[in-house]
There are 2 protein chains.
Amino acid sequence: MASLKMSISVIGSGNVAWHLTKRLFACGYLIDCVFSRNPDNARALAEQVKSKAVDTIAMLPLSDLYIISVKDDAYQEVIASFPKTTAICVHTSGSSEMKILENLSDNYGVVYPFQSFSKNKIVDFENVPVCIEASNPQVESLLITLANELSPITCLLNTEQRMHLHLAGVFASNFSNGMYVIAQQILQKENIDFKIALPLINETAEKVNSLFPIDAQTGPAIRNDINIMNKHIRMMEDEDWKELYRLISKIIQKQQHIL
Amino acid sequence: MASLKMSISVIGSGNVAWHLTKRLFACGYLIDCVFSRNPDNARALAEQVKSKAVDTIAMLPLSDLYIISVKDDAYQEVIASFPKTTAICVHTSGSSEMKILENLSDNYGVVYPFQSFSKNKIVDFENVPVCIEASNPQVESLLITLANELSPITCLLNTEQRMHLHLAGVFASNFSNGMYVIAQQILQKENIDFKIALPLINETAEKVNSLFPIDAQTGPAIRNDINIMNKHIRMMEDEDWKELYRLISKIIQKQQHIL
């Protein structure tokens, strides 16, 4: 006899809740119910997964698993209004401790998908590492089973590790995108199409799939080419950009033991 | 009758000279000769393109086109020892003015491949934009023909534009790789395999192939999530990283008109 899958209620309807819930539904999980502070979003998500939306947390039905996937500053409010349960309660945040759930249930944990989600962009869960933390071995075992269905890339991380993974993601993704924005703004001023930078951006990301980033570094800083670095700094008007150029160049030189 | 291709001599044997010369040879150009300050490298490159190496610039034969592709700080020395010619002389540098060649020939220009090259990594010229500048319309026409053979992505850029493209490349490539290095160092300290960050890095680069980077921005800075930003800054020990986190977050907030 096949083992029964857990039934799930979802609290939240943001980017993570949206894609995770749809993926769980696609993996055959029954989505009992969706609650969100934004009732329209809750209904929209519920429709996607043949479920229903409720207007308050108190109206949530009994489920085996409650997934709380809200903005970091909204967890406190959700947790305060959540009834004590024996079901499993998990959150999906990279930067919140697992312990914030300890008063909801003895069975709690974290399911943290480490990827950048946008509602209007299809997510391929083949490329979404899912990180698990659990309050006890039984919950851990259930969450690992669930994670393995969601994605081929799963791992166990404690709170400290998960928070550092989130921080690393800010550098690797949010901040490198910030670099792309500056590049785009430099090109725009010279009437150069940003598209010309795409092959270089793609190659730079692609390289670290086979080389450690420390071994893939190129550019004026690693060559300590002071003439070019000074020329570049003079070319910019924005004082923050100048400061950023100096600071990253210094960090790159320290990484490479040039400084 | 098919038009004859220009014969080419190459000065330099670094990453750009290496891949560009091999590509020209593959496109059917005759490589007359290779000269480099490093004779072993010159011979190695000459061998790759069925050519010969010479030991001094004075020994270079007559060619239709001389490609000078050396480190930025070596151009002056090469140019000083180069005999005046009627042939076309080009350099390959993003950050040097075209005018540095004006005393060598009346026919000069720039062939700037905008990509990150490593000798031990195969380059797919389908993904190498080639930027052209020329001293007169005849040279421009010849260099455009050559560029179109090298790559499907070509463009005309003046010196000012090319230098800004190079600067944009430093941000988009060198500095985003610097972000990857920091991410890797954060993960290493927590015994987390850097591989877990690759799907996010790939997705972040992939996104700007279809969205403008300004519209692809995510993360705590754009949400002005001060709690998380302060938590992240407290998690780091390196003062330069703390400063970098604050500065990029400020720049991202200015880009998004949050500040």
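Residues numbered from 1 in each chain as written. Chains lettered and ligands numbered in written order. Predicted model: local features only at pLDDT ≥ 70, side-chain atom pairs only at ≥ 80, totals over all residues. Heavy atoms only, no water.

### Quick word on the interface of chain B and chain A
Counted only if it meets this: Note on contacts: a residue pair is in contact if any heavy atoms of the two residues lie within 4.5 Å. Buried area: the sum, over both parts, of the accessible surface (1.4 Å probe) that disappears when the two are put together. When a carboxyl oxygen of Asp or Glu lies within 4 Å of a side-chain nitrogen of Lys or Arg, that pair is called a salt bridge. In protein, a polar contact requires one atom able to donate a hydrogen and another able to accept it; more generally it is a pair of N or O atoms within 3.5 Å, and residues adjacent in sequence count only if both atoms are side-chain atoms. Only DSSP runs of H or I reaching four residues or more are called helices, and only runs of E reaching two or more are called strands; each is numbered from the N terminus. Throughout, the ten residues Ala, Val, Leu, Ile, Met, Phe, Trp, Tyr, Cys and Pro are labelled nonpolar, Asp, Glu, Lys and Arg are labelled charged, and all others, Gly among them, are labelled polar.
Counting residues at the interface gives 87 residues for chain B and 87 residues for chain A. Contact between chain B and chain A buries roughly 8,500 Å² in total, counting both sides, with carbon and sulfur atoms accounting for 68%. On the chain B side of the contact with chain A, Phe171(B), Ile196(B) and Leu200(B) bury the most area, a combined 8% of that side's loss. Summed over the shared surface of chain B and chain A, the result is 10 salt bridges. The salt bridge involving Glu203(B) is made with Lys121(A); its shortest N-O contact spans 3.3 Å. For the pair chain B and chain A, the interface holds 34 residue pairs in polar contact (both at pLDDT 80 or more). Listed by contribution, the elements that provide at least two residues to the side of chain B that touches chain A are helix H5 (159-189), helix H6 (198-207), helix H7 (213-216), helix H8 (226-235) and helix H9 (239-255) of chain B. Looking at which element gives the most residues to the side of chain B that touches chain A, the answer is H5(B), with 27 residues. Partitioning the side of chain B that touches chain A into residue classes produces 46 nonpolar, 26 polar and 15 charged.

### Description of H6(B)
The criterion, for reference: Three exposure classes are used, based on accessible area relative to the maximum for each residue type with a 1.4 Å probe and protein chains only: buried under 20%, partly exposed in between, and exposed over 50%.
Of all the 10 residues making up H6(B), 8 are buried; the element is thus mostly covered by neighbouring parts of the structure. Those residues of H6(B) lying buried are Leu198(B), Pro199(B), Leu200(B), Ile201(B), Glu203(B), Thr204(B), Ala205(B) and Lys207(B).

### A few points about the packing of helix H1 (residues 15-26) of chain B against helix H4 (residues 137-150) of chain B
Each pair of packed helices gets described by two things: the angle between the helix axes and the distance between those axes. All names here are of chain B. Rules: Working convention: axes come from line fits to C-alpha atoms, limited for helices to the stretch in contact. Angles between N-to-C directions cover 0 to 180 degrees. If an angle is under 35 degrees, it is roughly parallel; if it is over 145, roughly antiparallel; if it lies from 65 to 115, roughly perpendicular; otherwise it is oblique.
Relative to each other, H1 and H4 sit at 90°, their axes nearing to 10 Å. Taken as axis vectors, H1 and H4 run roughly perpendicular relative to one another. Contact residues: H1 offers Leu20, Arg23 and Leu24, while H4 offers Leu146, Glu149 and Leu150. Across the contact of H1 with H4, the residue classes tally to 4 nonpolar, no polar and 2 charged.

### Some points on the packing of aromatic side chains
Note the cut-off: Centres within 6.5 Å are what make two rings of Phe, Tyr or Trp a pair, Trp counting through its six-membered ring; a difference in plane orientation under 30 degrees is then read as stacked, over 60 as edge-to-face, and the rest as tilted.
Tallying each qualifying case throughout the model produces 12 aromatic pairs over all chains. Both rings, one in Phe171(A) and one in Tyr245(B), keep their centres 6.1 Å apart while their planes meet at 70°; by these two values the pair is edge-to-face. In this pair, Phe171(A) is assigned in helix H5 (residues 159-189) and Tyr245(B) in helix H9, connecting two distinct chains. Pair check on accessibility: Phe171(A) and Tyr245(B) agree, each one buried. With centroids separated by 5.1 Å and ring planes inclined at 80°, the aromatic side chains of Phe171(B) and Phe175(B) adopt a geometry described as edge-to-face. One end of the pair, Phe171(B), and the other, Phe175(B), are both in helix H5, 4 residues apart, so they sit about a helical turn from each other. When sorted by exposure, Phe171(B) lands in the same class as Phe175(B), which is buried. Pairwise contacts between aromatic rings join Phe171(A), Phe175(A) and Tyr245(B) into one cluster.

### Describing the side chain of Gln161(B)
Structurally, Gln161(B) can be placed in helix H5. A polar side-chain atom of Gln161(B) sits 3.0 Å from the main-chain carbonyl oxygen of Glu190(A). Setting aside residues no more than four positions away along its own chain, Gln161(B) makes contact with Glu190(A), Ile192(A) and Leu156(B).

### Considering the sheet that holds strand E8 (residues 154-156) of chain B
All names here are of chain B. Just so we agree on the cut-off: Any two strands with at least two DSSP-identified bridges between them are counted as paired.
Ordered in space as E3-E2-E1-E4-E5-E6-E7-E8, the 8 strands form an open sheet in which the pairing is mixed. Every other strand in the sheet has two partners, leaving strand E3 (52-54) and E8 as the edge strands with one partner each. Averaged over neighbouring strand pairs, the angle between their axes works out to 25° when direction is ignored. In the packing of H4 onto the sheet, contacts are made with strand E1 (7-11), strand E4 (65-68), strand E5 (88-91), strand E6 (108-113), strand E7 (130-134) and E8, and the angle to E7 comes to roughly 170°.

### Observations regarding the environment of Ile226(A)
Turning to its location among the elements, Ile226(A) is positioned in helix H8 (residues 226-235). Distance in space between the C-alpha atoms of Ile226(A) and Val208(A) is 26 Å, their sequence separation being 18 residues.

### Digging into the pairing of E7(B)
All names here are of chain B. Of all 5 residues that make up E7, 5 are buried, and the element is covered over most of its length. Side chains Val130, Ile132 and Ala134 project from E7 onto one buried face, and the interleaved Cys131 and Glu133 project onto a second face that is buried too. By the bridge criterion, 5 bridges tie E6 to E7 in an arrangement that is antiparallel. Bridge pairing in E7 links tyrosine 112 to cysteine 131.

### Thoughts on the relation of the copies chain B and chain A
Inclusion rule: Alignment of copies: least-squares fit on C-alpha atoms of residues with pLDDT of at least 70 in both copies.
When chain B is fitted to chain A, the best match, at an RMSD of 0.0 Å, comes from turning it 180° and sliding it 0.0 Å along the axis. Classification of the inter-copy transformation places it as that of a two-fold axis. Closest approach to the rotation axis within chain B is made by the C-alpha atom of Ser176(B), at a distance of 2.3 Å. The residues that chain B uses at the interface reappear at the interface of chain A in 100% of cases, marking a shared surface.

### Describing the environment of Pro152(A)
Residues and elements named next belong to chain A. Within the fold, proline 152 resides in the loop between helix H4 (137-150) and strand E8 (154-156). Considered as a pair, proline 152 and valine 128 are 24 residues apart in the sequence and their alpha carbons are 8.2 Å apart. The contacts of proline 152, once residues within four sequence positions are left out, are Phe125 and Glu126.

### Topic: the sheet that holds strand E4 (residues 65-68) of chain A
Residue and element names in this part refer to chain A. Spatially, E3-E2-E1-E4-E5-E6-E7-E8 is the arrangement adopted by the 8 strands of the open sheet, whose pairing is mixed. On the outer flanks of this sheet lie strand E3 (52-54) and E8, each paired with one strand and no other. Along the sheet, successive strands turn relative to each other by an average axial angle of 25°, direction set aside. Contacting strand E1 (7-11), E4, strand E5 (88-91), strand E6 (108-113), strand E7 (130-134) and E8, H4 runs over the sheet at an angle of about 170° to E7.

### Some details on the side chain of Gln115(B)
Mapped onto the elements of the fold, Gln115(B) is located in the loop between E6 and E7. Here Gln115(B) falls in the buried class, since its relative accessible area comes to 12%. Polar contacts involving the side chain of Gln115(B) include one to the main-chain carbonyl oxygen of Asn127(B), which spans 2.9 Å. Residues in contact with Gln115(B), not counting those within four places in the same chain, are Pro199(A), Leu200(A), Glu203(A), Asn127(B) and Val128(B).

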